Amino acid sequence: MLKDKKVLAGGAVLFVAAFWFYIKPNYMDPKPPVVHTAEEIAAAPRPTVMLGKATGGGHGASNAPEGIVFNLKAPSSAPRYVKAIIALEFEAQTPPWIGVSGDALAAKNAEFAHHLDPEMHKILDAVAAVIGSKTADEVTTSEGREHLKAELMEAINHHLHEHKVEQIYFETFITQ
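These lines cover the structure that appears in this document, whether it is placed above or below. If you're wondering where the values come from, they're calculated on a predicted model, not measured in any experiment.

### Observations regarding the pairing of strand 1 (residues 48–51)
Item 1. Residues Val 49 and Leu 51 line the buried face of strand 1, whereas the alternating positions Thr 48 and Met 50 sit on a face that is not buried.
Item 2. As defined by bridge partners, strand 1 adjoins strand 3 (residues 81–90) across 4 bridges and the pair is classed as antiparallel. Residue pairing in the sheet places Thr 48 in a bridge with Glu 89 of strand 3.

In structure tokens form, the structure reads like this:
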């Protein structure tokens, strides 16, 4: 009987030693954090919010045309309009969205847009104010649109405190 207890105790000691020296260091210790290169961070997608474009979160299909219509600065006898779909690309998130694409990227963008909802009225007001101060001649040239993007970025970032717009893209920009 005493010999069985010694064998059992020896087996337990060997098991604890194997656990301590092999299993614990390989599986239980925390892994070192992943370090991303500057190139990976620069190439990572940025959060993007679309103004004037329906997202997949709606209830059913809509027949409403896409785009937001803004009044341009013009005499009341000949009003001028802009119909635009605008993509606002925000600063990189921490941690960066490295390797995110497809549906996962769309889900992250939808989550980011939902987080930005309380500020959306300020964003739309800034966009309407800047575009409304321009004439059709000022926004029809490529230089005029680039200047408009810079003004929009400045106006939007003035109202936002937590996130900042880094780039603006016009997916659609139609003047009438």
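Still more to cover.
### Concerning the pattern of salt bridges
Item 1. Taken as a whole, this structure holds 5 salt bridges when the rule is applied.
Item 2. The shortest N-O distance in the salt bridge between Arg 46 and Glu 166 comes to 3.2 Å. Of this pair, Arg 46 sits in the loop between helix 2 (38–43) and strand 1 while Glu 166 sits in strand 4 (residues 165–175), and the two are 120 residues apart along the sequence.
Item 3. Look at Arg 46 and you get buried, because its relative accessible area is 18%.
Item 4. With its nearest N and O atoms 3.2 Å apart, the salt bridge here joins Glu 119 to Lys 122.
Item 5. Judged by its relative accessible area of 25%, Glu 119 falls in the partly exposed class.

What counts and how
Residues numbered from 1 in each chain as written. Predicted model: local features only at pLDDT ≥ 70, side-chain atom pairs only at ≥ 80, totals over all residues. Heavy atoms only, no water. Buried < 20%, exposed > 50% of the residue type's maximum accessible area, 1.4 Å probe, protein only. Helix = DSSP H or I, 4+ residues; strand = E, 2+ residues; numbered from the N terminus. Pairing = 2+ DSSP bridges. Salt bridge = Lys/Arg side-chain N within 4 Å of Asp/Glu carboxyl O.

So, to be careful, I would describe these as geometric facts and stop short of saying anything about function.
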